[in-house]
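Per-entry structural report
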Amino acid sequence: MKRILVVAAGAALVVVAAGFVVFALRSSGGQGGVPTDRTTVRAPIESVDILVLESSPPQYVLRVRAGLPNGCAKQHGHDIGRDGDVIRVTVLNSMPTDAIACTMIYGTYELSINVGSDFRAGVTYTARVNDKATTFIGR
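Residues numbered from 1 in each chain as written. Predicted model: local features only at pLDDT ≥ 70, side-chain atom pairs only at ≥ 80, totals over all residues. Heavy atoms only, no water.

Let us look at the nonpolar core. Within soluble globular proteins, side chains that are nonpolar tend to cluster in buried spots. Core analysis: the biggest nonpolar cluster contains 22 residues, and L62, V64, V91 and V129 have the highest contact counts within it. If you list the elements that add at least two residues to this core, you get β2 (45–53), β3 (59–68), β5 (86–96), β6 (107–116) and β7 (124–129). Per-element tally for this core: the top contributor is β3, with 5 residues. Apart from the residues lying within four places of it in its own chain, the contact partners of V129 are I45, V48, L62, V64, V89 and V91. (Core = buried A, V, L, I, M, F, W, Y, C linked by side-chain atoms within 4.5 Å. Buried < 20%, exposed > 50% of the residue type's maximum accessible area, 1.4 Å probe, protein only. Helix = DSSP H or I, 4+ residues; strand = E, 2+ residues; numbered from the N terminus. Contact = heavy atoms within 4.5 Å.)

Structure representation (structure tokens):
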């Protein structure tokens, strides 16, 4: 009787362990904890500042602080474009597409984005990063 109980308990343990491994692999995408089913979303923007580097001609750099709304959010990248005196930057995070449990810890990260040196002295420019904007005057 003891032997049957030991065998049954061992079999149950194997089934539970196998289920956990399948769940872990599904949750992580099987690639070291990085889910393969992710989608990109606009990152929340905490702040945007402009730095003017003392060079000839002056170089302009956007300092962006972006948010990670939870423990599943990851920095993904950014796109930049310019239309006249407006610079548009889209900062993206990636999020899992599957409904998985995520820690509810808000984090941030910083980006330094070089926007170049093609700015005329005395002209006001606007830099739009997702839902935030700042202006600066060319030197």
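What follows deals with the confidence of the model for the chain. Of all residues in the chain, 74% attain a pLDDT of 70 or more, and the chain-wide mean is 83. Within the model, pLDDT remains below 50 along residues 11–35, and this stretch shows 10 contacts once partners closer than five positions in the same chain are excluded. (pLDDT = per-residue confidence, 0-100.)

A word on the packing of aromatic side chains. This structure, assessed with the given rule, holds 5 aromatic pairs. Here the aromatic rings of F119 and F136 are separated by 5.4 Å at their centres, their planes lie at 70°, and the arrangement is edge-to-face. Taken together, the residues F119 in the loop between β6 and β7 and F136 in strand β8 (residues 132–137) connect sequence positions 17 residues apart. Its relative accessible area of 7% is what places F119 among the buried residues. Relative accessible area serves as the criterion here: at 6%, F136 is assigned to the buried category. Cluster of aromatic residues (ring-pair linked, three or more members): Y60, F119, Y125 and F136. (Phe/Tyr/Trp six-rings, centres within 6.5 Å; stacked < 30°, edge-to-face > 60°.)

Turning our eyes to something else, we now look at the side chain of T134. Structurally, T134 is set in strand β8. Residues in contact with T134, not counting those within four places in the same chain, are V48, Y125, T126 and A127.

Attention now goes to the pattern of salt bridges. Counted under the stated rule, the structure contains 3 salt bridges. For the salt bridge of R63 with D49, the shortest nitrogen-to-oxygen distance reads 3.3 Å. You can see R63 sitting in strand β3 and its partner D49 sitting in strand β2, a full 14 residues away along the chain. Of the charged contacts in the structure, one is a salt bridge between R139 and E54, with a shortest N-O distance of 3.2 Å. Pair noted here: R139 is in the segment after β8 and E54 is in the loop between β2 and β3, with a separation of 85 residues, a long-range link. Given the relative accessible area of 55%, R139 is considered exposed. By relative accessible area, E54 is classed as exposed at 68%. (Salt bridge = Lys/Arg side-chain N within 4 Å of Asp/Glu carboxyl O.)

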